[in-house]
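Here's the letter readout for the chains.
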Amino acid sequence: ANIGQMDTPKELWKMITGNMALIQVQATVVGFLASIAAVVFGWIPDGHFSIDHAVLLCASSVATAFIASLVLGMIMIGVIIGSRKMGINPDNVATPIAASLGDLITLALLSGISWGLYKELESKAYVNPLVCAFFIALLPIWIIIAKKNAATREVLYSGWEPVIIAMAISSVGGLILDRTVSDPNFAGMAVFTPVINGVGGNLVAVQASRISTYLHMSGMPGESPDTAPRKCPSPCSTFFSSDVNSRSARVLFLLVVPGHLVFLYTISSMQGGHTTLTLIFIVFYMTAALLQVLILLYIADWMVHWMWGRDLDPDNFSIPYLTALGDLIGTGLLALSFHVLWLIGDRDSDVGD
């Protein structure tokens, strides 16, 4: 959108159909792989395997991924076209809306679909495998449509690595969360995890999109010698230089504290955290959040430039890695904060209610 590749109706329609088909392929495949990973992670510690439950999980996961991607894709198209018409940079609004609505829509769909399919498990056992087969059977149609578009054809072949690795990285964060909240002393962590991960992922996605657009303005990936990748950028150049991307990094970093204070106040007023918001808790929580965003913005500066120098489009490759790392780092730092708070004696009587 920013470099004028969606200005005519023909270009716009071509971009929409190609990308919508591509995300349906990725959603179906990754939804299927995620269900397999979930089955394995559940089977290994429990030592119990149920084929009915595995198929139920597969059907729920694939259907949720497909429908959520379809809905989000249509929302994103509307947001980007609307932003362009209103003179707003889509980089500043598209990725946060995608990231925040992604969690909300996906969780709502997953709970609703899995509950509905679970009810059919006893009386109509064929429904779950039928749902799986239906969405997998649609794959060839989406692949054919995506292959016809030059922009999405490349990603169809080369775009699997970041999405699958990102899924694996996020799964590690999920295991950390699962292990931590299973201890009644740390059950209060559950409500804060989506907040710290969501804010960190949103902010770094905005920065990655802005750097990528800045690089695209000067040509195609790998073409511009003046935008060669920095092997190891210094923190000073990332956060304190006069460069436009450094200024946006400072602004995004400064949004962390007021943003989290709003969320903490909301959680406290809704009594949803099972953790009293003491001063020492807020200090530890904010330290974890600031450290997470600091690390992510630094990694984004290096990763986007490195990918650009490797002839890879950062829009397709960097954001899955960065948001997954946001999940892992955020969950890890939050778990560490809860453990340290417990060790130093900040223990709530209502934790784990």
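Residues numbered from 1 in each chain as written. Predicted model: local features only at pLDDT ≥ 70, side-chain atom pairs only at ≥ 80, totals over all residues. Heavy atoms only, no water.

## A closer look at helix α3 (residues 90-123)
As a reminder, the rule being used: Put simply, DSSP marks the helices as runs of H or I at least four residues long and the strands as runs of E at least two long, and each gets a number from the N terminus on. The span one expects for a helix is its residue count, reduced by one, times 1.5 Å. Bend, in this description, refers to the angle at a residue between axes fitted to the seven residues ending there and the seven starting there. Any residue under 20% of the maximum accessible area for its type is buried, any over 50% is exposed, and the rest in between are partly exposed; the area is computed with a 1.4 Å probe on protein chains only. The contact criterion used is simple: two residues touch if any of their non-hydrogen atoms lie within 4.5 Å. Throughout this description, a polar contact denotes any pair of N or O atoms lying within 3.5 Å of each other; where both atoms belong to protein, one of them has to be capable of donating a hydrogen while the other can accept it, and for residues adjacent in sequence the pair is counted only when both atoms sit in side chains.
End to end, α3 covers 48 Å across 34 residues, agreeing with the expected 50 Å (1.5 Å per residue, within 8%). The sharpest bend along α3 measures roughly 25° and falls at Leu101. Along α3, the residues classified as buried are Pro90, Asp91, Ala94, Thr95, Pro96, Gly102, Ile105, Ile113, Leu117 and Leu121. On its buried side, α3 packs onto α2 (51-86), α4 (127-137), α8 (193-216) and α13 (314-343). Residue Asn89 occupies the N-cap position of α3, its side-chain oxygen lying 3.0 Å from the main-chain nitrogen of Asp91.

## Re the UniProt feature "transmembrane region" (unreviewed entry) in the protein chain
Put simply, the test is: UniProt positions are given in the numbering used here, feature names are shortened, and annotations may be inferred rather than shown by experiment.
In the numbering adopted here, UniProt assigns the feature "transmembrane region" (unreviewed entry) to residues 21-42, 54-81, 93-113, 125-145, 157-177, 249-267, 279-299 and 319-344. With 100% helix and 0% strand, residues 21-42 has end C-alpha atoms that lie 32 Å from one another.

## What about the environment of Glu11?
Tracing the chain through its elements places Glu11 in helix α1 (residues 9-46). Taking the relative accessible area as the measure of exposure, Glu11 reaches 34% and is therefore partly exposed. It is 36 Å that separates the C-alpha atoms of Glu11 and Leu255, two residues lying 244 residues apart in sequence. Those residues in contact with Glu11 that sit more than four places away from it in its chain are Gly4, Gln5 and Met6.

## Structural notes on the domain arrangement of the protein chain
A common way to state how big an interface is: give the accessible area lost once the parts meet. As a reminder of what qualifies: Domains are outlined according to an automatic or database domain assignment. As used here, buried area is the combined drop in accessible area, with a 1.4 Å probe, of two parts when they are placed together.
In terms of domain boundaries, the protein chain breaks down into domain 1 (1-148) and domain 2 (160-346). Taking the mean C-alpha position of each, domain 1 and domain 2 sit 23 Å from one another. In total, about 1,400 Å² of surface goes out of reach between domain 1 and domain 2, with carbon and sulfur atoms giving 73% of it. For the side of domain 1 that touches domain 2, the secondary-structure elements that each account for two or more residues are α1 and α3. In terms of residue count, α1 provides more of the side of domain 1 that touches domain 2 than any other element does, seven residues in total.

## Thoughts on the environment of Leu325
Looking at the element boundaries, Leu325 is found in helix α13. The spacing of Leu325 and Gly198 is 127 residues in sequence and 12 Å in space, taken between C-alpha atoms. Those residues in contact with Leu325 that lie beyond four places of it in its chain are Ile169, Leu296, Ile299 and Gly330.

## Some words on the nonpolar core
The condition is simple: Among buried residues, those of type Ala, Val, Leu, Ile, Met, Phe, Trp, Tyr and Cys that are joined through side-chain atoms within 4.5 Å constitute a nonpolar core.
Phe192, Tyr285, Leu322, Leu334 and Phe338 are the most contacted members of the largest nonpolar core, which has 43 residues in total. With 14 residues, helix α12 (residues 279-309) is the largest single contributor of residues to this core. Among all residues touching Leu334, those that are not within four sequence positions of it are Met189, Phe192, Thr193, Ile196 and Tyr285. Cys58, Ala63, Ile113 and Cys132 belong to the second-largest nonpolar core, a separate cluster that totals 14 residues.

## Comments concerning a positive patch on the surface
Using the following cut-off: The patches described consist of residues with a relative accessible area above 30% and no salt bridge, like charges being joined within 9 Å and nonpolar side chains (Val, Leu, Ile, Met, Phe, Trp, Tyr) within 5 Å. For the accessible areas, the method is Shrake-Rupley and the probe is 1.4 Å, while residue cover comes only from the protein chains on display. Only one rule defines a salt bridge in this text: a Lys or Arg side-chain nitrogen within 4 Å of an Asp or Glu carboxyl oxygen. Asp and Glu are treated as the negative residues and Lys and Arg as the positive ones, with His and the ends of the chain left uncounted. For the purpose of locating charges, the reference atoms are NZ of Lys, CZ of Arg, CG of Asp and CD of Glu.
Residues Lys10, Lys14, Lys147 and Arg153 make up a contiguous surface patch of positive charge. Residue placement: Lys14 occurs in helix α1. By relative accessible area, which is 47% here, Lys14 ends up partly exposed.

## With respect to the environment of Asn128
Mapping Asn128 onto the fold places it in helix α4. Overall, Asn128 belongs to the buried group, its relative accessible area being 1%. In this structure, the C-alpha to C-alpha distance between Asn128 and Ser50, residues 78 residues apart in sequence, is 14 Å. Ignoring sequence-local partners within four residues, the contact set of Asn128 consists of Val55, Leu56, Ala59, Leu117 and Leu121.

## Description of unusual backbone geometry
Here the phi dihedral of Asp311 falls at roughly 65°; this positive angle occurs in a residue that is not glycine. On the secondary structure map, Asp311 appears in the loop between α12 and α13.

## Thoughts on the packing of α3 against α4
Heads up, the rule is: Lines fitted to C-alpha atoms define the axes, with helix axes restricted to the stretch in contact, and inter-axis angles between N-to-C directions lie between 0 and 180 degrees. For classification purposes, an angle smaller than 35 degrees is called roughly parallel, one larger than 145 roughly antiparallel, one from 65 to 115 roughly perpendicular, and anything else oblique. Residue type decides the class: Asp, Glu, Lys and Arg count as charged, Ala, Val, Leu, Ile, Met, Phe, Trp, Tyr, Cys and Pro as nonpolar, and the leftover types, Gly among them, as polar.
Where α3 contacts α4, the axes come no closer than 8 Å and their chain directions differ by 130°. The orientation of α3 with respect to α4, classified from their angle, is oblique. Across the interface between the two elements, Leu117, Glu120 and Leu121 from α3 touch Val127, Asn128 and Val131 from α4. Here the residues of the contact of α3 with α4 sort into four nonpolar, one polar and one charged.

## What about a nonpolar patch on the surface?
On the surface, a cluster of nonpolar side chains totalling about 450 Å² of accessible area is made up of Phe32, Ile36, Val40, Phe41, Ile136 and Leu175. No other element matches the four residues that α1 contributes to the nonpolar patch.

## Side note on the packing of aromatic side chains
For clarity, the threshold we go by: Think of it this way: a Phe, Tyr or Trp ring, Trp meaning its six-membered ring, pairs with another when their centres are within 6.5 Å, and the plane angle makes it stacked under 30 degrees, edge-to-face over 60, tilted otherwise.
Per the stated rule, a full pass over the model turns up nine aromatic pairs. Aromatic side chains Phe66 and Trp142 sit 6.0 Å apart centroid to centroid with 45° between the ring planes, which places their arrangement in the tilted category. Of this pair, Phe66 sits in helix α2 while Trp142 sits in helix α5 (residues 139-147), and the two are 76 residues apart along the sequence. Ring centres of Phe134 and Phe135 lie 5.2 Å apart, and the angle between their planes is 75°; this geometry places the pair in the edge-to-face category. A network of ring pairs unites the aromatic residues Phe66, Phe134, Phe135 and Trp142 as a single cluster.

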